Amino acid sequence: MVSGSTAIVTGGGRGIGRAICRELAAEGATVVIADIDESEMAETAALVEEEGGRAYPVETDLRSFEDIQDTVDEVLAEFESVDILVNNAGIAGPTAECEAVDPDEWDQTMAVNLRGPFLMCRQVLPVMKEQSYGRIVNIASVTGKRPLTQRTPYATSKMGVIGFTRTLAAEVGEDDINVNAVCPGSVDGPRIDRVFEAKAEAQGRTYEDVRGDAEAESPRRELVQKEDVARTVSFLCSPAADRITGQDLNVSAGKVMY
Ligand SMILES: NC(=O)c1ccc[n+]([C@@H]2O[C@H](COP(=O)([O-])OP(=O)(O)OC[C@H]3O[C@@H](n4cnc5c(N)ncnc54)[C@H](O)[C@@H]3O)[C@@H](O)[C@H]2O)c1
């Protein structure tokens, strides 16, 4: 049940995370926005409140275990429960052939995309178990299912997110905690534009060419909108999805069908 719940959304400062915050708040959740960027978070919080929702921003760097502990402690002190956790924050990581990937950039990508969701789950699971209820949604990617050349750190992290989702779902199902992944295809907006531009540069092609390729991969010949992802997250947290767990649900305009 989304209405009346406390939901933490990591990376809720902008992009898909902001759309998830707005959607869950519109459904009646109090939304805790955990993001590294204070000004973006403030914008999301203002939007949610303008729309009649409740938002609570907490500056959090997901690379820091201490920050994550402090954030979850603060949320528990303020709201006494965490019903929904959306592990949305992610970084694109470097665009380079494997042998040119800087080891530190590999570590950073894993730290935000894979260790961050693990640590967030680690901190909220005791309270979810105690209340015998929880809905965890991890934002993976279709790149968690199929290779993406020149993006080994990102692809590996997202494949890890799907493995983590399945394993955790198997561990906590008896406590009425569902754990699912959502796998977006290319979502329209500034982030994917930066990825297309980096890919175009690495391959000596134009932005339009690279974007055209991405659109052509969908049977609908289009990219995904962030609101499509947000509505799917909300569905997975609703009673209609009570018996859906351990899944990796594509929101890719049909680009990936497995
Ligand atoms: N945009 C796409 O096309 C697309 C496709 C598939 C999957 N995804 C995934 O969806 C998620 C959201 O993507 P987006 O496009 O909205 O990204 P974005 O870059 O627009 O937003 C990411 C948010 O995460 C925050 N963040 C980054 N590092 C952080 C850290 N260390 N600690 C806390 N917060 C941090 C940023 O401040 C930002 O608010 C990511 O996991 C991404 O991999 C995106």
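See the structure above.
First, a word on scope: everything that follows refers to the structure included in this document. (Residues numbered from 1 in each chain as written. Predicted model: local features only at pLDDT ≥ 70, side-chain atom pairs only at ≥ 80, totals over all residues. Heavy atoms only, no water.)

Some points on helix H3 (residues 65-79)
The test is simple: The numbering of helices and of strands both runs from the N terminus, where a helix is a DSSP run of H or I of at least 4 residues and a strand a run of E of at least 2. To estimate the expected span of a helix, subtract one from its residue number and multiply by 1.5 Å. The rule is simple: take the accessible area with a 1.4 Å probe, protein chains only, and divide by the maximum for that residue type; under 20% is buried, over 50% is exposed, in between is partly exposed. Taken from the helix axis, the directions to the C-beta atoms give the arc we talk about. Here, two residues are considered to be in contact whenever any of their heavy atoms come within 4.5 Å of each other.
The end-to-end C-alpha distance of H3, which contains 15 residues, comes to 21 Å, matching closely the 21 Å that a straight helix rising 1.5 Å per residue would cover. Among all positions of H3, only Ile68, Thr71, Val72, Val75 and Phe79 are buried. Around the axis of H3, the buried residues are gathered within 90° of arc, so they sit on the same side. Facing away from the buried side of H3 by over 90 degrees, the exposed positions are Glu66 and Ala77. On its buried face, H3 is in contact with strand S1 (6-10), strand S2 (30-35), strand S3 (54-59) and helix H4 (103-130). Positive phi shows up at Glu80, right after H3, with a value of about 70°.

Description of the site of the ligand
The following threshold applies: Near residues are defined by distance, with any heavy atom within 4 Å of the molecule or strand qualifying the residue. Each polar contact in these results corresponds to two N or O atoms within 3.5 Å; when the atoms are within protein, one needs to be able to donate a hydrogen and the other to accept it, and residues that are neighboring in sequence are counted only if both atoms are side-chain atoms. Each accessible area is a Shrake-Rupley result for a 1.4 Å probe, and residues are judged covered by the shown protein chains and nothing else.
The immediate surroundings of the ligand are formed by 28 residues, with Asp35, Asn88, Tyr154, Val187 and Arg191 found nearest. One nitrogen or oxygen atom from the side chain of Arg14 is found 3.0 Å from an oxygen atom belonging to the ligand. Within the backbone of Ile36, one N or O atom sits 3.3 Å away from a nitrogen atom of the ligand. About the coverage of the ligand: the protein hides 94% of its 830 Å² of free accessible area.

What about the nonpolar core?
Going by this rule: Side-chain atoms within 4.5 Å are what join buried Ala, Val, Leu, Ile, Met, Phe, Trp, Tyr and Cys residues into a set we call a nonpolar core.
By size, the foremost hydrophobic cluster in this structure holds 31 residues, and its most contacted members are Ile20 and Leu24. Contributing elements (two or more residues each) for this core: S1, helix H1 (15-26), S2, helix H2 (38-50), strand S4 (84-87), strand S5 (134-139) and helix H8 (226-236). For this core, the element with the most residues is H1, which contributes six residues. Not counting chain neighbours up to four residues away, the residues in contact with Ile20 comprise Val9, Val86, Asn88, Ile139, Ala230 and Val233.

What about unusual backbone geometry?
In the Ramachandran plot, Ser132 falls in the positive-phi region, its phi being about 50° despite a non-glycine side chain. With respect to the secondary-structure elements, Ser132 resides in the loop between H4 and S5. A relative accessible area of 40% places Ser132 in the partly exposed class. Even without being a glycine, Arg221 presents a positive backbone phi close to 55°. The class of Arg221 is exposed, set by a relative accessible area of 56%.

Some thoughts on the environment of Ala89
Along the polypeptide, Ala89 turns up in the loop between S4 and H4. Judged by relative accessible area, Ala89 falls into the buried class, the value being 16%. Distance in space between the C-alpha atoms of Ala89 and Glu171 is 23 Å, their sequence separation being 82 residues. Once residues within four sequence positions are removed from consideration, Ala89 is found in contact with Thr10, Gly11, Leu62, Val112 and Asn113.

Concerning the sheet that holds S4
This is how it is decided: Pairing between strands is defined by DSSP: at least two bridges between the two strands are required. Here the axes come from fitting lines to C-alpha atoms, over the contacting stretch only for helices, and the angles between their N-to-C directions go from 0 to 180 degrees.
Pairing in this open sheet of seven strands is parallel, and the strands run S3-S2-S1-S4-S5-S6-S7 from one edge to the other. In this open sheet, the two edge strands, each paired with only one partner strand, are S3 and strand S7 (248-251). For this sheet the average axis-to-axis angle between neighbouring strands, irrespective of direction, equals 20°. Where S5 and strand S6 (residues 177-184) come together, six bridges link them in parallel fashion. By the bridge assignment for S6, Arg135 is matched with Asn178. Its contacts with the sheet put H2 on S2 and S3, and the angle it makes with S3 is roughly 170°. Those strands touched by H4 are S1, S4, S5 and S6, and its axis lies near 175° from that of S4.

Quick look at the pairing of S5
When a strand is regular, its side chains alternate between the sheet's two faces. Let me state the cut-off plainly: Convention used here: a crossover is right-handed provided that the path from the first strand, over the helix, to the second strand proceeds clockwise when the strands point away from the viewer.
Most of S5 is tucked away: six of the six residues are buried. Burial along S5 is two-sided: Gly134, Ile136 and Asn138 facing one way and Arg135, Val137 and Ile139 facing the other are all buried. In this structure, S4 lies alongside S5, joined through four bridges in parallel fashion. When the sheet's bridge partners are listed, Val86 is paired in S5 with Val137. Regarding the hand of the β-α-β motif, the stretch spanning S4, H4 and S5 is right-handed. For the handedness criterion, the β-α-β arrangement of S5, helix H5 (residues 152-172) and S6 is classed as right-handed.

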